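One-letter residues, chain by chain:
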There are 2 protein chains.
Amino acid sequence: MTSYMRITIIGSGNVATHLAAAFKNGGHSIVQVYSRDMHNASLLAYHVKAEAIDSLEQINPETDLFVIAVKDDAIEAIASILAKYQKLIVHTSGATDLQVLLKRTQNAGVFYPLQTFSKTKEVNFDTVPLCIEGANEQITSQLNELAYAITQNVYRINSAERKTLHLAAVFACNFTNYLYYLSQQLLADQKLPFDLLRPLILETAEKVQEHLPASVQTGPAVRNDEKTMNAHLQLLHENPELQQLYKLLSQGIIKMDKQG
Amino acid sequence: MTSYMRITIIGSGNVATHLAAAFKNGGHSIVQVYSRDMHNASLLAYHVKAEAIDSLEQINPETDLFVIAVKDDAIEAIASILAKYQKLIVHTSGATDLQVLLKRTQNAGVFYPLQTFSKTKEVNFDTVPLCIEGANEQITSQLNELAYAITQNVYRINSAERKTLHLAAVFACNFTNYLYYLSQQLLADQKLPFDLLRPLILETAEKVQEHLPASVQTGPAVRNDEKTMNAHLQLLHENPELQQLYKLLSQGIIKMDKQG
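Throughout this description, residue numbers start from 1 for each chain and increase along the sequence as written. Labels follow written order: the first chain is A, the first ligand is 1, and so on. It should be noted that, the model being predicted, local features are given only for residues of pLDDT at least 70 and side-chain atom pairs only at 80 or more, the latter also being counted only at that level, while totals for whole chains, interfaces and linings use all residues. Side-chain descriptors were evaluated using all non-hydrogen atoms of the structure, hydrogens and water having been removed beforehand.

Participant: Looking at this model, I keep getting lost on the overall build of chain A. Mind explaining?
Facilitator: A run of DSSP states H or I qualifies as a helix once it reaches four residues; a run of E qualifies as a strand once it reaches two. Both are numbered from the N-terminal end. Looking only at helices and strands, chain A has nine helices and eight strands in total. Relative accessibility thresholds used throughout: buried, under 20% of the residue-type maximum; exposed, over 50%; partly exposed, between the two (1.4 Å probe, protein chains only). Counting only residues that meet the buried cut, chain A has 57% of its 260 residues in that class. Note on contacts: a residue pair is in contact if any heavy atoms of the two residues lie within 4.5 Å. Pairs at least 24 apart in sequence give 52% of the contacts found in chain A among residues at least 6 apart. Counting rule applied: Lys, Arg positive; Asp, Glu negative; His and chain ends not counted. Lysine's charge is taken at NZ, arginine's at CZ, aspartate's at CG and glutamate's at CD. Of the side chains in chain A, 22 bear a positive and 26 a negative charge, and the two mean positions are spaced by 2 Å.

What follows is the structure in structure tokens.
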């Protein structure tokens, strides 16, 4: 196999969209884009100069790689249909074991980009960590080559490690965004604009780009400043769920290992 | 009063350090820097070409403004000592009512920079929101002028609003950093590098610079993906505190108002 690949994209969501564009920019060709929704398939296919299809019966077997970027629950069913083409199949899911594909084909791997994608925001793929896993060393090394064409951050991560990684990403991204939401709601209740907090949010994320989080922890809990914490709990007296969250997070910070 | 001010800095911590530099850069002169620790006072005083003192008896009354940037608990005691000079006194605390100064002097205000500062990291003050409050309109307008010399983001925030703002900042910054810490610990347990998550953390913060958090929420909870959430809880089975936190945050996300 040469470094040039013909790639078929299964899915038209955020991951499918960003990966397809990155492969195309990396010099590969996108053969087809499949989506159950022809409109979505066409939108993405147009951008990457591929054919749009909305039925897996229309699959063009002249491809080197199927990239399954669909909801986790649908991965296995799609793999079982694609297996007959005897081409390399990868999924892009942080939460799904390679084993799910291995039940259907040995020519399988994982190509998991560890980033949060929105269709409306460009992502610079250079800095996106790509976590790869192959059913054997030859596949891993193919995926390695493919990954390095679109980013400098390539990690070989097995399925057990990827589970932990996906869980950690939920804390670092999904739960963090929910804390942003709670802070925005607290401000909105007082008719204060969220712009007040945006620079703080960005700086907090930028700080841990160079440091470990434990070494830059600030706030009343890390100082064990009970007066301020009690005042905050009092402010939340009409919201017992937020009080409980405040206590749980503060207790964690008080006990955290400052050495990181 | 002209726009040029002679300013005395009480304190030598992160807020004192960054404000003193910003005032100096804004064309004001720093008269003295006070710290109980002469070494810290001297370090900061050297940078802003001021006199270092470690006793409040050495205060030079030839100043226009005292900026009290010390621990919340020490603000009132220091204000009571400085009040006799009959100069404008401000504190820089998000959690402290203006009332604490008004007990000692009517010539009082608040100058609260809403940012997380580390001594080792430069902060571009242009983007730091400054929240000001004066005991009367003349003071508010003085502080307004002073604030606009160092940032374009000036907000008039009263003491009640500032309490909420400070609480919201704890969620958006301190608690968020603790989630970063938890994610880093989960990776460290598997000997995985924190670098895997750093781009995700930055992108998550960048997304809410343009959008409201509710509109960019991702992850298993917002999809109500019980299979993934149960797998995550299983992974955390040796850590009941993290399980509790995971459940509480996920339940919150499931119930959140997607309209933000």
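There is more to say, and it comes next.
Participant: Before we go on, may I ask you to explain the pattern of salt bridges in this structure?
Facilitator: As a working rule, side chains carrying opposite charge can pair if their charged atoms are close by. Within this document, salt bridges are pairs made up of a side-chain nitrogen of Lys or Arg and a carboxyl oxygen of Asp or Glu, the two lying within 4 Å of each other. Per the stated rule, a full pass over the model turns up 20 salt bridges over all chains. The salt bridge involving Lys103(A) is made with Glu76(A); its shortest N-O contact spans 3.2 Å. Linking Lys103(A) in the loop between helix 4 (99–102) and strand 6 (108–113) with Glu76(A) in helix 3 (residues 75–82), this pair joins segments that are 27 residues apart in sequence. In this structure Lys103(A) comes out as exposed when scored by relative accessible area, which is 52%. For Glu76(A), a relative accessible area of 22% corresponds to the partly exposed category. A salt bridge links Asp195(B) to Arg198(B), with the shortest nitrogen-to-oxygen separation between them at 2.8 Å. Arg198(B) gets classed as buried once you look at its relative accessible area, which sits at 13%.

Participant: Any chance you could explain the packing of aromatic side chains here in plain terms?
Facilitator: The description of an aromatic ring pair rests on the distance of the ring centres and on the angle between the ring planes. Here a pair means two rings of Phe, Tyr or Trp (six-membered ring of Trp) with centres within 6.5 Å. Their orientation is stacked below 30 degrees between planes, edge-to-face above 60, and tilted elsewhere. Per the counting criterion, the structure on display carries 14 aromatic pairs over all chains. Relative to Phe125(A), the ring of Phe117(A) lies with its centre 5.9 Å away and its plane at 25 degrees, an arrangement referred to as stacked. There is no split in this pair, since Phe117(A) and Phe125(A) are both buried. Grouped by ring-pair contacts, the aromatic residues Phe171(A), Phe175(A) and Tyr246(B) constitute a single cluster.

Participant: So what exactly am I meant to see when it comes to the sheet that holds strand 6 (residues 108–113) of chain B here?
Facilitator: What holds strands together in a sheet is hydrogen bonding between their backbones, with the strands either parallel or antiparallel. Residues and elements named next belong to chain B. Following DSSP output, two strands are said to pair if at least two bridges run between them. Spatially, eight strands are ordered 3-2-1-4-5-6-7-8 in an open sheet, and the strand pairing comes out mixed. Whereas interior strands pair on both sides, the edge strands pair on one side only; in this sheet they are strand 3 (51–53) and strand 8 (154–156). Ignoring which end each strand starts from, the neighbouring axes of this sheet average 25 degrees apart. Simply put, an axis is a line fit to the C-alpha atoms, just over the touching stretch for a helix, and the angle between two N-to-C directions goes from 0 to 180 degrees. Packing of helix 5 (residues 137–148) onto the sheet brings it into contact with strand 1 (6–10), strand 4 (65–68), strand 5 (88–91), strand 6, strand 7 (130–134) and strand 8, and relative to strand 7 it is tilted by some 160 degrees.

Participant: Whenever I open this one, the interface of chain A and chain B confuses me. Can you help?
Facilitator: Accessible area lost upon the coming together of the parts serves often as the stated size of an interface. Every contact between the two is made by 90 residues of chain A and, on the other side, 90 residues of chain B. By definition, the buried area sums, over both parts, the 1.4 Å-probe accessible area that each loses when the two are put together. Overall, the association of chain A and chain B removes approximately 8,700 Å² of surface from exposure, summing both partners, and the carbon and sulfur fraction of that is 68%. Of all the secondary structure elements, the ones that give two or more residues to the side of chain A that touches chain B are helix 6 (159–189), helix 7 (198–210), helix 8 (226–235) and helix 9 (240–255) of chain A. No other element matches helix 6 of chain A, which puts 26 residues into the side of chain A that touches chain B. Three categories are distinguished: nonpolar for Ala, Val, Leu, Ile, Met, Phe, Trp, Tyr, Cys and Pro, charged for Asp, Glu, Lys and Arg, and polar for the others, with Gly belonging to the last. Of the residues in the side of chain A that touches chain B, the class split is 49 nonpolar, 26 polar and 15 charged.

Participant: Got a minute to help me understand helix 5 (residues 137–148) of chain A in this structure?
Facilitator: The periodicity of an α-helix, 3.6 residues per turn, causes residues three or four positions apart to be oriented the same way. The terminal C-alpha atoms of helix 5 of chain A lie 16 Å apart, and with twelve residues this matches the ideal 16 Å at 1.5 Å per residue to within 8%. When we look at burial in helix 5 of chain A, the residues that qualify are Ile139(A), Thr140(A), Gln142(A), Leu143(A), Asn144(A), Leu146(A) and Ala147(A). Multiply 1.5 Å by the residue count of a helix minus one, and that product is the helix's expected span.

Participant: Looking at this structure, I do not really get the sheet that holds strand 3 (residues 51–53) of chain A. What am I missing?
Facilitator: All names here are of chain A. Strand order in the open sheet made by the eight strands is 3-2-1-4-5-6-7-8, with mixed pairing throughout. With one partner strand each, in any of the chains shown, strand 3 and strand 8 (154–156) form the two edges of the open sheet. This sheet shows a mean twist of 25 degrees between the axes of neighbouring strands, independent of strand direction. As defined by bridge partners, strand 6 adjoins strand 7 (residues 130–134) across five bridges and the pair is classed as antiparallel. Counterpart to Gly109 in the pairing with strand 7 is Gly134. The strands that helix 3 touches are strand 1 (6–10), strand 4 (65–68) and strand 5 (88–91); relative to strand 4, the one it contacts most, it runs at about 165 degrees.

Participant: Help me understand the pairing of strand 5 of chain B in this model?
Facilitator: Residues and elements named next belong to chain B. The alternating pattern of strand 5 places Leu88 and Val90 on one face and Ile89 and His91 on the opposite face, and all of these are buried. Here strand 4 pairs with strand 5 via four bridges, running parallel. Note on strand 5: the bridge partner recorded for Phe66 is Ile89. Here is how to tell: hold the view so the strands point away, follow the path from the first strand over the helix to the second, and if it runs clockwise the crossover is right-handed. Assessed by its sense of winding, the connection that carries the chain from strand 4 through helix 3 (residues 75–82) to strand 5 is right-handed. In this sheet, strand 6 lies alongside strand 5 in parallel orientation, the contact comprising three bridges. Among the inter-strand pairings, Val90 is bridged to a residue of strand 6, identified as Gly109.

Participant: What should I look at first to understand the relation of the copies chain A and chain B in this one?
Facilitator: Both copies of the chain are related by a screw-like operation: a rotation about an axis and a shift along it. When the copies are superposed, the least-squares fit takes in the C-alpha atoms of residues with a pLDDT of at least 70 in both. At an RMSD of 0.0 Å, chain A and chain B line up after a rotation of 180 degrees and a shift of 0.0 Å along the axis. One copy is carried onto the other by what is essentially a two-fold rotation axis. Identified as the residue of chain A closest to the rotation axis by C-alpha distance is Thr176(A), at 2.8 Å. A share of 100% of interface residues in chain A that are also interface residues in chain B marks the association as one of identical surfaces.

Participant: Help me understand the side chain of Asp225(A), please; the structure alone is not making it clear to me.
Facilitator: Residues and elements named next belong to chain A. Looking at where Asp225 falls in the secondary structure, it is placed in the loop between helix 7 and helix 8. For Asp225, a relative accessible area of 14% puts it in the buried group. At 3.2 Å, the side chain of Asp225 and the side chain of Arg223 are in polar contact. Two N or O atoms form a polar contact when they lie within 3.5 Å of each other; inside protein one atom must be a possible hydrogen donor and the other a possible acceptor, and for residues adjacent in sequence the pair counts only when both atoms belong to side chains.

Participant: Explain the environment of His166(A) to me, please; I cannot follow it from the model alone.
Facilitator: Assignment of secondary structure puts His166(A) in helix 6. Sequence-wise, His166(A) and Thr96(A) are 70 residues apart; in three dimensions their C-alpha atoms are separated by 9.6 Å.

Participant: What am I meant to see in the layout of surface pockets here?
Facilitator: It is a probe the size of a water molecule, rolled over the atoms, that shows where empty space is left. Throughout, the protein atoms alone are placed on a 1 Å grid, and a set of points is a cavity if a 1.4 Å probe fits but cannot get out or a pocket if it is open with protein on both sides within 12 Å along at least five of seven lines; lining residues have an atom within 4 Å of a point. Grid points are joined across faces, edges and corners, and a volume is the space filled by probe spheres set on the points. In this structure, the second largest pocket spans a volume of roughly 1,200 Å³. In terms of lining, the second largest pocket is formed by 40 residues, of which the most central are Arg223(A), Val15(B), Val70(B), Lys71(B) and Asp72(B). When residues in the lining of the second largest pocket are grouped by element, the largest group, five residues, is from helix 6 (residues 159–189) of chain B. Across the lining of the second largest pocket, the residue classes break down as 18 nonpolar, 15 polar and seven charged.

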